[in-house]
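The primary structure of each chain is shown beneath.
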Amino acid sequence: MTSPTWHGGAQAVVTLTFDVDAETPILAAGRRYADHLMTMSHQAYGPDVGVPRILELLAELGVPATFFVPGWVAEQRPGLAATIVEHGHEVAHHSYSHRAPTTLSAAEERADFERALDVFVAQGIEIRGHRAALWDATRVTLELIAEHGLAYDSSLMGDDRPYLLEVADRSIAELPVHWSLDDWEQYAYLPSPQIGSVIESPRKVLEMWTAELDAMRHYRCLFNLCLHPFLSGRPSRLLALRSLIEYAQASGGIGFARCRDLAEAAHSDLSLPRRTPPAVSADPDVYPD
Ligand code: ZN
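All figures in this text were calculated on a predicted structure; none of them were measured in a lab.

Novice: So what exactly am I meant to see when it comes to the overall build of the protein here?
Specialist: Broken down by element type, the protein carries 11 helices and 12 strands. Once the C-alpha set of the protein is aligned to its principal axes, its extents read approximately 60 × 50 × 45 Å. The proportion of buried residues among the 289 residues of the protein is 52%. Taking the intrachain contacts of the protein between residues at least 6 apart in sequence as the baseline, contacts between residues at least 24 apart amount to 71%.

Printed below as a string of structure tokens:
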């Protein structure tokens, strides 16, 4: 009998992940933006228009996905998380407020993390994994994930395959991300707050992601695609995503998984590397703050 593997025999595994940030990254830049109606509506487009369209696409193509939802967004739109789960997808923890953990004290980060957990408990949503706002995880982030018994994190970049992180006597599966597989760098544009200044062609984006998928099949990697409904829910971008999924399905040898299922497979794969979180110490005389 062969032991279980994270990839289950696939040449590459695709995790389609949607970060349903909605208004949170903008409010994190300043509460005053609540009065900027163009900006608020630009963000509301994500859950209100993008998510239903994405759910329809995923159902049509028969692929599972993971939706990382800030607690604030779940609270503001009761029923959103439940609808996603009813479609067979996973809802995962994406902080409460979408403030970067690196800007918070340990106590603030704990309060924010646990407030989001409380929201999901109240809504009957079972949470197995976490992604830090802006992927900006701290040591506290990993400790909170371990302490609350979650199975995985998806914020770090130490590999292009899952790996296991030893944190506080527990093991967390890390499902690594990368800037090149994030739609934010391709499509994010807002003049104020300046969240980005590019509007790339979806054809270019499709070409780039297809090339990465091909190479990841060669190296048997995790294609962990990070999309934002307020960006990728727009028509030509969603059709590019459809083409990418259809390409992956036609290629053969590609598995699709929810992050929680991949994390479970990673935990039972005895061949995966076990690491500790980066612990870099730097001399303040050489590297001042
Ligand atoms: Zn986010």
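Novice: Mind showing me how you'd approach the packing of aromatic side chains here?
Specialist: By the definition in use, this model includes 4 aromatic pairs. Taking NZ or CZ as reference, Arg234 lies 3.6 Å from the ring centre of Tyr45, over its face. The ring centre of Tyr163 lies 4.5 Å from the NZ or CZ of Arg275, which sits over that ring.

Novice: When you look at the coordination of the zinc ion in this model, what are you seeing that I'm missing?
Specialist: Reference values for coordination geometry: four tetrahedral donors around a metal ideally subtend 109.5 degrees, six octahedral donors ideally subtend 90 or 180 degrees. Taken together, the protein ligands of the zinc ion are Asp21 (OD), Asp21 (OD), His94 (NE2) and His98 (NE2), with distances of 2.0 to 2.5 Å. Metal-centred angles of 53 to 143° between the 4 donor atoms at the zinc ion mark the site as irregular. Positions of the donor residues of the zinc ion, expressed as sequence spacing, correspond to D-x72-H-x3-H. On the criterion of sequence distance, the pair formed by Asp21 in the loop between β1 (12–19) and α1 (24–27) and His94 in the loop between β3 (90–93) and α5 (106–122) is long-range, its members being 73 residues apart. Classification of Asp21 as buried rests on a relative accessible area of 1%. Judged by its relative accessible area of 1%, His94 is buried.

Novice: Is there a simple way to explain the pairing of β1 in this structure?
Specialist: Walk down a regular strand and you will see the side chains alternate between the two sheet faces. Summarising burial for β1: 8 of the 8 residues are buried, a large majority. Along β1, one buried face is formed by Ala12, Val14, Leu16 and Phe18 and the opposite face, lined by Val13, Thr15, Thr17 and Asp19, is buried too. Bridging between β1 and strand β10 (residues 222–227) involves 6 bridges; their strand directions are parallel. Following the sheet pairing, Val13 is matched in β10 by Leu222.

About the thresholds
Residues numbered from 1 in each chain as written. Predicted model: local features only at pLDDT ≥ 70, side-chain atom pairs only at ≥ 80, totals over all residues. Heavy atoms only, no water. Helix = DSSP H or I, 4+ residues; strand = E, 2+ residues; numbered from the N terminus. Buried < 20%, exposed > 50% of the residue type's maximum accessible area, 1.4 Å probe, protein only. Contact = heavy atoms within 4.5 Å. Phe/Tyr/Trp six-rings, centres within 6.5 Å; stacked < 30°, edge-to-face > 60°. Lys NZ or Arg CZ within 6 Å of the ring centre and 35° of its normal. Donors = N, O, S within 2.8 Å, 3.2 Å for Na, K, Ca; no water. Tetrahedral: all angles 85-135°; square planar, octahedral: opposite > 155°, others 65-115°. Pairing = 2+ DSSP bridges.

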